[in-house]
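What follows is each chain in one-letter form.
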Amino acid sequence: MYPYTFVQWILFFYCYCFLGWCIESSIVSFKQKRLVNRGFLHGPMLPIYGSGAIMVLICTIPVKEHVLLVYFFGMIGATLLEYITGYAMEKILKVRYWDYSNRFMNLNGHICFVSSLFWGVLSIFMTYVVHGNVEKIILEIPKNIAFGIVVVITIVFGVDFYDSIKSALDLANLLKQVQKMRLELAVLATILKEDTVDNLKEKSVFLLENMKERSSEILDTIKEKIPEEFNHQEILEQLQTIQGKRVTEIAKRMKALQSEKAEMLKHIGTKGINFLHKYPRANSISLKGTFEEVKVTIEEKLKEKNKRREEK
């Protein structure tokens, strides 16, 4: 049913990763009127396209004699892969690298109706037009040479994938750290505004003694001043840790936090700028406000970089 060896499957994967990168980068570069190295990796490969192509082949080879089945099987397989990949990346990396939230009939922003239709059309195009030529080239490569090519590409791909994952995890860690600082700053700002030196300790005792019974009531009084994206339980935990501090101590802590956050954002560096180049429409649902703040910082760095380039 599947007339390919394991090495040939791997070559198909790498080939479609590269073809996907060529198509995606060309389209985005044309739209933005500048060269864009599109994709999660640094090199000319888009794993989502390679994985999608392999999924389509696995789903459609048994029914390739029937065009409608190729369309629907390919559409279902690729859509399922897109959803799983988008969901996993957001959970692990805290960022949505694509988002269909504003599209018609979307599911959690990871897939949508139009995208699924596109996958079906692409399945037919790949099965009956593209794959025959790709198959012919790869099947003509001698086994020993094919194995050597796979080994070399896999090593390069592995190094690139590791470095790209590390960069993405560094960004996710930065977002979480900035989010934590924003949370503490929001809580401190609320207390500093509402409390005076005289009643701060009194309110602290009240909160600690009635935390379980009055937690929902307390949250109602401050939720308008603290962004909704923050977890309410985390807010209560922050309140517990800072109750009883003097106003001057709170102000000092806020200043230190603001300086620490500014310093952290200052060192986003080239990788952050490259990220914005590749994914200008990326966002984060769970860390929305924090992601926007980081994104603004990256945009400012990008403007500075372009300005220096123009001056030269």
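Reading guide: rules and limits
Residues numbered from 1 in each chain as written. Predicted model: local features only at pLDDT ≥ 70, side-chain atom pairs only at ≥ 80, totals over all residues. Heavy atoms only, no water. Salt bridge = Lys/Arg side-chain N within 4 Å of Asp/Glu carboxyl O. Helix = DSSP H or I, 4+ residues; strand = E, 2+ residues; numbered from the N terminus. Buried < 20%, exposed > 50% of the residue type's maximum accessible area, 1.4 Å probe, protein only. Bend = angle between axes of the 7 residues up to and from the residue. Contact = heavy atoms within 4.5 Å. Polar contact = N/O pair within 3.5 Å; in protein donor to acceptor, adjacent residues only side chain to side chain. Patch = residues over 30% accessible without salt bridge, like charges linked within 9 Å, V, L, I, M, F, W, Y side chains within 5 Å. Areas by Shrake-Rupley, 256 points an atom, 1.4 Å probe, with all protein chains shown as cover. Phe/Tyr/Trp six-rings, centres within 6.5 Å; stacked < 30°, edge-to-face > 60°. UniProt positions renumbered as here; feature names shortened; annotations may be inferred.

**Comments concerning the pattern of salt bridges**
In step 1: Per the stated rule, a full pass over the model turns up five salt bridges.
In step 2: The residue Arg182 makes a salt bridge to Glu293 at a minimum N-O spacing of 3.2 Å. A residue pair is termed long-range when its members are at least 10 positions apart, and Arg182 in helix α5 (residues 143-194) and Glu293 in helix α11 (residues 288-311) qualify at 111 residues.
In step 3: With a relative accessible area of 18%, Arg182 lands in the buried category.
In step 4: The partner of Lys261 in a salt bridge is Glu293, with the nearest N and O atoms 2.5 Å apart. Of this pair, Lys261 sits in helix α9 (residues 247-266) while Glu293 is found in helix α11, placing the two residues 32 residues apart along the sequence.

**With respect to helix α4 (residues 113-139)**
In step 1: Approximately 50 degrees is the largest bend angle found in α4, and it occurs at Val130.
In step 2: Taken residue by residue, α4 has Ser115, Ser116, Trp119, Gly120, Ser123, Met126, Thr127, His131, Val134 and Ile138 as its buried positions.
In step 3: Looking at the buried side of α4, the elements it contacts are α1 (6-32), α2 (47-60), α3 (67-93) and β2 (111-112).

**Side note on the side chain of Thr60**
In step 1: By the secondary structure assignment, Thr60 is in helix α2.
In step 2: Side-chain polar atoms of Thr60 contact the backbone oxygen of Val56, separated by 2.6 Å.

**A closer look at a nonpolar patch on the surface**
In step 1: There is a patch of nonpolar side chains on the surface, built from Leu68, Leu69, Phe72, Phe73 and Ile76 and spanning about 480 Å² of accessible area.
In step 2: As for its position among the elements, Leu68 is in helix α3.
In step 3: Residue classification places Leu68 among the exposed positions, given a relative accessible area of 62%.

**Overview of the packing of aromatic side chains**
In step 1: Enumeration according to the criterion identifies 13 aromatic pairs in this entry.
In step 2: Consider the rings of Tyr14 and Phe157, whose centres lie 5.5 Å apart with planes at 55 degrees: the pair is tilted. Placement of Tyr14 in helix α1 and of Phe157 in helix α5 is noted, with a sequence separation of 143 residues between them.
In step 3: Geometrically, the ring pair formed by Tyr49 and Trp119 is tilted, given 6.5 Å between the ring centres and 50 degrees between the ring planes. Remark: Trp119 occurs in helix α4 and Tyr49 occurs in helix α2; sequence separation between them is 70 residues.
In step 4: Here Tyr49 falls in the partly exposed class, since its relative accessible area comes to 22%.

**Looking at the environment of Val156**
In step 1: Positionally, Val156 belongs in helix α5.
In step 2: Along the backbone, Val156 and Gly43 are 113 residues apart, and their C-alpha atoms lie at a distance of 9.0 Å.

**Observations concerning unusual backbone geometry**
In step 1: We note that Lys94 has phi near 65 degrees; this positive angle belongs to a residue other than glycine.
In step 2: By the element assignment, Lys94 lies in the loop between α3 and β1 (106-107).
In step 3: At Met105, a position not held by glycine, the phi torsion is positive, near 50 degrees.
In step 4: Within the element layout of this structure, Met105 appears in the loop between α3 and β1.
In step 5: With relative accessibility at 54%, the residue Met105 sits in the exposed group.

**Things to note about the UniProt feature "transmembrane region" (unreviewed entry) in the chain**
In step 1: In the numbering used here, UniProt assigns the "transmembrane region" (unreviewed entry) feature to residues 6-23, 44-63, 69-89, 110-130 and 145-162.
In step 2: In residues 110-130, helix accounts for 86% and strand for 10%; the two terminal C-alpha atoms are 27 Å from one another.
In step 3: End C-alpha atoms of residues 145-162 are separated by 26 Å, and the span's content is 100% helix alongside 0% strand.

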